[in-house]
Amino acid sequence: MTSETLPDSGTIRDRNSDKSALVKAGLKRRYAAERRFRAYGVAGILFGLGCILLLFYTIGSNAIPAFTQTMLRLDITLDPQDIDPDAISTANYRKIVRQPVRALFPEVTSRRDKRALAAMLSPGAAYAVRQMVIDDPSLIGKRISILVPLSDDIDQLNKGAIKASSDETERRVSNKQIAWFERLQDFGLVETVFNTTLFTAGDSREPELAGIWGAVVGSFFTMIVTLALAFPIGVASAVYLEEFAPKNKWTQVIEVNINNLAAVPSIVFGLLGLAVYINFFGLPRSAPLVGGMVLALMTLPTIIIAGRAALKAVPPSIRDAARGLGASPLQVTTHHVLPLAMPGILTGTIIGMAQALGETAPLLMIGMVAFIVDIPGGVTDPATVMPVQIYLWSDAPERAFVERTSAAIAVLLGFLILMNTLAVFLRKKFERKW
Amino acid sequence: MQAANTVLIEEAEPATHTNAPPKVSARDVCVYYGDKQALFDVDLDIHAHQVTALIGPSGCGKSTFLRCLNRMNDTIDICRVEGRIVIDDEDIYARHVDVVHLRARVGMVFQKPNPFPKSIYDNVAYGPRIHGLASGKDELDDIVETSLRRAGLWDEVKDRAAEPGTGLSGGQQQRLCIARAIAVQPEVILMDEPCSALDPIATARIEELIDELREQFTIVIVTHSMQQAARVSQKTAFFHLGVLVEEGDTEQIFTTPKDDRTQAYITGRIG
């Protein structure tokens with residue numbers, strides 16, 4: 001502040017007191033601006049947190065019913081007349097599981113009602129008995145007590161998703177079935193147990209028999225392929241570009257293109273996979289091998305960019321020290337620079353893998369969207385992955401798939417949170433130790 | 001400066017070395033960073049078992065010259081070195097010379113202590129390991145102990161050799177870096193302002209060490225501190241604006257400089 005800007009500038013003290021008043025007046029404004037800025041920041045964070053909580057709440061509350069399944073306890077006599085010990089697997093188990101249910105309701109006689117009664121049992125009931133007999137043929141001729149799943153509609157009725165009070169035409173369960181179910185409950189034969197099928201089975205058209213294990217295994221194989229390709233190629237590229245490549249216009253062009261690659265929509269990689277891997281090289285459709293190769297393309301730029309940043313963050317003094325002792329360029333890199341950059345590279349890799357794990361679009365292009373019941377046994381078996389499974393289930397008409405969709409999302413989110421936590425942990429643990 | 005008392009000794013000492021050929025001899029060394037020339041026709045002889053100090057104001061090219069001696073400038077893309085630098089009759093910029101081998105012969109200690117983020121033991125053992133100097137664990141242990149002893153660090157770290165080298169104090173870290181450099185048994189040790197990040201006590205400790213190391217190695221030290229140059233060196237070379245202005249016995253440079261610029265620098269008028 002000079003005298004020119006202050007009217008009536010007298011002694012230095014006058015000017016100083018004027019100045020101090022001016023500064024004070026300004027201070028108020030400055031602090032107000034600061035408080036406003038903080039308030040905006042806090043509001044932004046609260047909004048973000050609220051959104052996340054809402055997401056977790058909706059998914060969680062939708063998913064919880066999926067973790068239980070309504071079962072029926074049946075006492076079944078395995079009559080040797082029904083099961084030929086020489087052809088155990090081809091016996092008519094549907095009939096075997098229906099008999100005890102019909103026995104509970106002798107008044108049901110019409111064909112139509114009998115069919116409606118039988119429909120309350122899941123097709124899985126017959127499979128369960130069949131599997132039991134195949135596992136232990138000595139059971140034939142004995143009387144066994146077994147828990148079999150009820151159909152998804154009865155399950156939804158039990159969980160309250162289908163309301164008995166609603167109009168009969170608007171629900172998939174008839175009034176008669178509701179009455180029968182209530183009687184079964186009165187007999188004490190209905191049990192609600194933990195839904196192990198959800199975590200052990202592959203996909204199925206029947207919600208009560210559908211599980212995410214097939215998709216989990218498919219995701220696992222896909223991620224293995226992605227990691228096996230993207231990590232070594234990505235790290236090697238990052239090391240070469242950062243430590244060895246001459247800095248000229250070619251490396252600049254490559255750098256720009258790698259950054260561009262990171263911004264390419266993922267479905268484009270799917271089309272590329274379809275055109276190159278499947279149509280040109282003739283690799284199998286729907287296989288985790290191809291899925292992993294496509295996702296590796298998508299993950300590569302992430303790993304290269306994170307890797308280069310991590311390598312750049314290693315202080316040059318470490319390189320100088322190693323060079324000064326006579327380490328060759330490769331030794332400088334492998335003995336010193338790479339180990340120091342590894343936490344950063346791993347963090348980038350995990351984040352890239354988490355992205356790949358949640359990716360759906362490119363996998364649709366290469367046929368991983370198919371309905372696959374079997375658990376894949378290797379990278380060339382047809383498989384689907386978790387996000388695609390979620391996509392498939394969200395499209396299914398059965399009410400029971402709604403909660404299973406949410407459950408699958410919860411499992412996928414669980415994996416993603418686990419991976420990101422690992423990344424944060426690695427970053428914190430190895431942060432700047434030089 | 002105790003000029004009068006030491007004149008006899010100082011005169012006697014160079015005489016013994018003038019007969020022996022210089023350990024390192026630089027002729028017409030020019031260094032360019034891109035288009036900018038950083039060093040102009042430097043001619044300098046460095047004798048064995050002496051400490052040669054390179055002094056001069058910031059940006060005068062003394063560090064650049066030092067880094068020419070073990071070809072550390074090679075790692076800078078835009079840097080170009082011309083002229084001849086001969087160590088023991090071998091031109092180190094000749095086509096057939098392997099930089100890795102050269103750096104095993106010419107060790108370096110840097111301005112900022114830069115131990116590897118590994119254990120103290122591994123820091124010292126790294127050089128011998130990559131060059132295959134030790135045939136077994138026992139021999140390696142010996143080399144590590146000897147090097148740490150020579151660097152005057154053994155007593156302080158013998159019980160915690162497995163702890164990270166980065167956990168030591170600044171002065172200890174720098175002595176660790178010196179131990180690491182001498183573990184490779186170099187012939188020449190280059191020191192680039194080794195004490196500029198240290199307090200006076202740690203500095204004194206390093207200076208003592210440099211004096212002891214002179215018996216076995218040829219030492220070239222870049223320093224900003226003229227007192228340090230006077231204390232530790234036998235020969236001094238004064239650089240100014242990329243030109244080697246004057247070189248000679250330390251005693252002579254500090255008492256009777258021939259060049260006006262040297263005079264101005266050591267009396268604090270430029271710098």
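Rules behind the numbers
- Residues numbered from 1 in each chain as written.
- Chains lettered and ligands numbered in written order.
- Predicted model: local features only at pLDDT ≥ 70, side-chain atom pairs only at ≥ 80, totals over all residues.
- Heavy atoms only, no water.
- Helix = DSSP H or I, 4+ residues; strand = E, 2+ residues; numbered from the N terminus.
- Buried < 20%, exposed > 50% of the residue type's maximum accessible area, 1.4 Å probe, protein only.
- Areas by Shrake-Rupley, 256 points an atom, 1.4 Å probe, with all protein chains shown as cover.
- Lys, Arg positive; Asp, Glu negative; His and termini not counted.
- Charge placed at Lys NZ, Arg CZ, Asp CG, Glu CD.
- Pairing = 2+ DSSP bridges.
- Disulfide = S-S within 2.5 Å.
- Axes fitted to C-alpha atoms, helices over the stretch in contact; angles between N-to-C directions.
- Contact = heavy atoms within 4.5 Å.
- Buried area = accessible area lost by both parts, 1.4 Å probe.
- Salt bridge = Lys/Arg side-chain N within 4 Å of Asp/Glu carboxyl O.
- Polar contact = N/O pair within 3.5 Å; in protein donor to acceptor, adjacent residues only side chain to side chain.
- Patch = residues over 30% accessible without salt bridge, like charges linked within 9 Å, V, L, I, M, F, W, Y side chains within 5 Å.
- Core = buried A, V, L, I, M, F, W, Y, C linked by side-chain atoms within 4.5 Å.
- Domains from an automatic or database assignment.
- Nonpolar A, V, L, I, M, F, W, Y, C, P; charged D, E, K, R; others polar.

Caption draft 1: Fine view of the overall build of chain B. Broken down by element type, chain B carries 11 helices and 10 strands. Seen through its C-alpha atoms, chain B measures out along the principal axes to roughly 55 × 45 × 35 Å. Across the 271 residues that make up chain B, the buried fraction comes to 55%. For chain B, the accessible surface area stands at approximately 12,100 Å², while carbon and sulfur atoms represent 49% of it. The average position of the 28 basic charges and that of the 41 acidic charges among the side chains of chain B differ by 4 Å.

Caption draft 2: Expanded view of the pairing of strand β6 (residues 106-109) of chain B. Residue and element names in this part refer to chain B. Going residue by residue along β6, you find Val 106 and Met 108 tucked away on one face and Gly 107 and Val 109 tucked away on the opposite face as well. Note that β6 and strand β7 (residues 188-192) share 4 bridges and pair parallel. Bridging across to β7, Gly 107 finds its partner in Ile 189.

Caption draft 3: Just the state of the cysteines, in detail. Residue and element names in this part refer to chain B. Inspection of every chain in the model, using the stated rule, returns 0 disulfides over all chains. Just so you know, Cys 177 is unpaired, no disulfide at all, and the nearest cysteine sulfur is the one on Cys 195, 12 Å from it. Look at Cys 177 and you get buried, because its relative accessible area is 3%.

Caption draft 4: View of the sheet that holds strand β3 (residues 190-194) of chain A. Residue and element names in this part refer to chain A. Read from one edge of the open sheet, 3 strands run β2-β1-β3, paired in antiparallel fashion. Only two strands of the sheet have a single neighbouring strand rather than two, namely β2 (143-149) and β3. The average angle at which neighbouring strand axes cross in this sheet is 40°, direction not considered. Bridge count between strand β1 (residues 68-77) and β2: 7 bridges; the pairing is antiparallel. Bridge assignment links Leu 74 to a residue of β2, and that residue is Ile 146.

Caption draft 5: Here's a closer look at the interface of chain B and chain A. With 24 residues of chain B in contact, the opposing surface of chain A contributes 18 residues. Interface area for chain B against chain A, summed over the two sides, is near 1,700 Å², with a carbon-plus-sulfur share of 64%. Contact with chain A buries area across many residues of chain B, yet Phe 116, Pro 117 and Tyr 126 of chain B alone supply 29% of it, more than any other trio. For the pair chain B and chain A, the interface holds 0 salt bridges. Along the contact surface separating chain B from chain A lie 4 residue pairs in polar contact (both at pLDDT 80 or more). Contributing elements (two or more residues each) for the side of chain B that touches chain A: α3 (99-105), β6, α4 (120-131) and α7 (170-182) of chain B.

Caption draft 6: A look at a negative patch on the surface. Where like charges cluster on the molecular surface, the negative patch consists of Asp 28, Asp 41, Asp 43 and Glu 247 of chain B. If you trace the backbone, Glu 247 of chain B turns up in strand β10 (residues 243-249).

Caption draft 7: Focus on the nonpolar core. Ranked by internal contacts, the top residues of the largest apolar core, which has 45 residues, are Leu 148, Met 191, Ile 210 and Ile 219 of chain B. Contact partners of Met 191 of chain B, with chain neighbours within four places excluded, come to Leu 66, Val 109, Ile 178, Ile 210, Ile 219, Val 220, Ile 221 and Val 222 of chain B. Within the second largest apolar cluster, 37 residues are counted, among which are Val 225, Leu 295, Leu 357 and Leu 363 of chain A.

Caption draft 8: Highlighting the domain arrangement of chain A. Residues and elements named next belong to chain A. As assigned here, chain A comprises domain 1 (68-194) and domain 2 (213-430). Between the C-alpha centres of domain 1 and domain 2 there is a distance of 46 Å. With 6 residues of domain 1 in contact, the opposing surface of domain 2 contributes 5 residues. For the pair domain 1 and domain 2, the number of links is 1 salt bridge. Close ionic contact of Glu 403 with Lys 159 constitutes a salt bridge, the shortest N to O distance being 2.8 Å. There are 3 residue pairs in polar contact (both at pLDDT 80 or more) connecting domain 1 and domain 2. No other element matches the 4 residues that helix α5 (residues 152-159) contributes to the side of domain 1 that touches domain 2. Residues belonging to the side of domain 1 that touches domain 2 are distributed by class as follows: 1 nonpolar, 2 polar and 3 charged.

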